[in-house]
Amino acid sequence: MSVESSLRADIVEVGRRLYARAYTASNDGNISVRLGGNRLLMTPKSVCKGFMTPDMMCVTDLDGRKLEGERDPSTEMLMHLEVYRQRADVQAVVHAHPPIATGFAVAGIPLNRAVLAEVLTTLGSIPIAEYATPSTQELPDAVAKYIKAHDGMLLANHGALTVGSDLFSAYYKMETIEHFAKISLVARLLGRENLIAREEVERLQGLRGTYGIKAPAPICADEPATDAAAVCQVVEAPPGGGQRLVPDVAVTGGGDPAARDSGDGEIRLTYRELSALIEDAIRSLR
Ligand SMILES: [Zn+2]
């Protein structure tokens, strides 16, 4: 099998997995890989990624001109082209709408907290690229801000994007993002997140080489500059002061039940209790 035939088969397989895992619905999502000679192999527009065949793919050049294929390339081709222009090391790009990660993208909550060691070593932080109208130049412009320093990102009110040194590595990063989003959601529903301390994050960063992981950029120092996202990965990790896990003060009131009951933490009221309090306050105003 030639390299190109095997890449066509790989795109079909990755599309099938994206659809089987409900990371895409209907015709959502798109996939591309580099072929030699400044050419790209890309999924066509308006097909379900779960039911593609190898002959459906388009071959384009790096400016998006179609060189081969009966169908037109993906409507998100501009975003893929931007990634390949900026990242000579990237061999493949995957875009999908995994529902839990996309929920974070809709809520405007980046997946940038130091919570899981394997996410810190592989992806680092997962920022949110600004909202952009799909299929327009706005989307590559939004992605451009983060793609130099990140292998994965959320797209505000849209989905997620991952890149890799081969197609399966880009696909696995999509799995990692959705898995991380699921775990983060459960931890937040349970009401607390213990964060990995800054010192431990630095230690994990040092282990990237040992694991053979090539991260696109280091994790930013303690107080990153506002435009840091282009050169380093912003990770929320508090200083540990000797502890490797730190209760998240913002969410849990220090993780100490006494502190939570002291008035600084969360309170829960029923609708009836809240209404009574408001009525009381209005009465005392009169
Ligand atoms: Zn999309």
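Let us look at the overall build of the protein chain. What the protein chain contains, in helices and strands, is 10 helices and 10 strands. Taking the principal axes of the C-alpha coordinates as reference, the protein chain spans close to 75 × 45 × 30 Å. Here the contacts in the protein chain between residues at least 6 apart in sequence split such that 65% fall between residues at least 24 apart. Here the protein chain holds 30 positive side-chain charges and 37 negative ones, and the gap between their average locations is 3 Å.

For any two helices packed against each other, one specifies the inter-axial angle together with the distance between the axes. Taken N-terminus to C-terminus, the directions of helix 3 (residues 99-107) and helix 6 (residues 167-190) make an angle of 65°; their axes are 7 Å apart at the nearest point. The orientation of helix 3 with respect to helix 6, classified from their angle, is roughly perpendicular. In this structure, helix 3 meets helix 6 at a crossing whose hand is left-handed. Only Ile 177, Glu 178, Ala 181, Lys 182, Ser 184, Leu 185 and Arg 188 of helix 6 make contact with helix 3, whose side of the interface consists of Pro 99, Ile 100, Ala 101 and Phe 104. Here the residues of the contact of helix 3 with helix 6 are counted per class, giving 7 nonpolar, 1 polar and 3 charged.

Moving on to the pattern of salt bridges. If you walk through the whole model with that rule in mind, you get 18 salt bridges. We note a salt bridge from Asp 151 to Arg 87, for which the minimum N-O separation is 2.7 Å. Residue Asp 151 is located in the loop between helix 5 (138-147) and strand 7 (152-155), and its partner Arg 87 is located in the loop between helix 2 (77-86) and strand 5 (92-96); the two are separated by 64 residues in the primary sequence. Each member of the pair Asp 151 and Arg 87 is classed as buried. A salt bridge links Glu 236 to Arg 113, with the nearest nitrogen and oxygen atoms 3.1 Å apart. Within this pair, whereas Glu 236 is found in the loop between helix 7 (198-211) and strand 10 (245-247), its partner Arg 113 is found in the loop between helix 3 and helix 4 (117-122), the two being separated by 123 residues in sequence. Look at Glu 236 and you get partly exposed, because its relative accessible area is 34%.

Looking now at the pairing of strand 1 (residues 30-35). Strand residues, when the strand is regular, have side chains that alternate between the two faces of the sheet. Among the 6 residues that make up strand 1, 6 are buried, leaving the element largely enclosed by the rest of the structure. With burial as the criterion, each face of strand 1 is covered, one bearing Asn 30, Ser 32 and Arg 34 and the other bearing Ile 31, Val 33 and Leu 35. The sheet contact formed by strand 1 and strand 5 spans 4 bridges and is antiparallel. Its bridge partner being in strand 5, Asn 30 is matched across the sheet by His 95. Inspection of the sheet shows strand 1 paired to strand 2 (residues 39-42) by 4 bridges, in the antiparallel sense. Bridging across to strand 2, Ser 32 finds its partner in Met 42. Here strand 1 hands over to strand 2 after 3 residues, with Gly 37 in that stretch at a positive phi of 65°.

Moving on: the confidence of the model for the protein chain. The share of residues in the protein chain with pLDDT of 70 or more is 91%, and the mean pLDDT across the chain is 90. In the model, residues 259-263 has pLDDT below 50 throughout and makes 9 contacts with residues more than four positions away in sequence or in other chains.

Our focus in this paragraph is helix 3. Residues of helix 3 that are buried include every one of Ala 101, Thr 102, Phe 104 and Ala 105, and no others. With its buried residues spanning 150° around the axis, helix 3 presents them on a single face. Check the buried side of helix 3 and you find it contacts strand 6 (128-129), strand 7, strand 8 (159-164) and helix 6. A positive phi of about 75° marks Gly 108, the residue just after helix 3.

So, about the packing of aromatic side chains. Working definition: an aromatic ring pair is given by the centre-to-centre distance plus the angle between the planes. Taken as a whole, this structure holds 3 aromatic pairs when the rule is applied. Their ring planes at 65° and their centres at 5.6 Å tell us that Tyr 19 and Phe 51 sit as a pair that is edge-to-face. Taken together, the residues span a long stretch of sequence, with Tyr 19 in helix 1 (residues 3-20) and Phe 51 in the loop between strand 2 and strand 3 (58-61) at a distance of 32 residues. Taking 6.2 Å as the distance between ring centres and 45° as the angle between the ring planes, the aromatic pair formed by Phe 168 and Tyr 172 counts as tilted. One end of the pair, Phe 168, and the other, Tyr 172, are both in helix 6, 4 residues apart, so they sit about a helical turn from each other.

The subject of this paragraph is the pairing of strand 5. For strand 5, the buried fraction is high: 5 of the 5 residues fall into the buried class. Alternating positions in strand 5 separate into two faces, Ala 92, Val 94 and Ala 96 on one and Val 93 and His 95 on the other, with burial throughout.

With that settled, consider the sheet that holds strand 5. If you trace the 8 strands from one edge of the open sheet to the other, you get 4-3-2-1-5-8-7-6, paired in mixed fashion. Strands with a single pairing partner mark the edges of an open sheet, and in this sheet they are strand 4 (66-68) and strand 6. Of the strands in this sheet, strand 6, strand 7 and strand 8 are in contact with helix 5, which crosses strand 7 at around 145°. Lying on the sheet, helix 6 is in contact with strand 1, strand 5, strand 7 and strand 8; it crosses strand 8 at an angle near 145°.

Conventions adopted
Residues numbered from 1 in each chain as written. Predicted model: local features only at pLDDT ≥ 70, side-chain atom pairs only at ≥ 80, totals over all residues. Heavy atoms only, no water. Helix = DSSP H or I, 4+ residues; strand = E, 2+ residues; numbered from the N terminus. Contact = heavy atoms within 4.5 Å. Lys, Arg positive; Asp, Glu negative; His and termini not counted. Charge placed at Lys NZ, Arg CZ, Asp CG, Glu CD. Axes fitted to C-alpha atoms, helices over the stretch in contact; angles between N-to-C directions. Parallel < 35°, antiparallel > 145°, perpendicular 65-115°, else oblique. Left-handed = near helix turned anticlockwise from the far one by under 90°. Nonpolar A, V, L, I, M, F, W, Y, C, P; charged D, E, K, R; others polar. Salt bridge = Lys/Arg side-chain N within 4 Å of Asp/Glu carboxyl O. Buried < 20%, exposed > 50% of the residue type's maximum accessible area, 1.4 Å probe, protein only. Pairing = 2+ DSSP bridges. pLDDT = per-residue confidence, 0-100. Arc of directions from axis to C-beta. Phe/Tyr/Trp six-rings, centres within 6.5 Å; stacked < 30°, edge-to-face > 60°.

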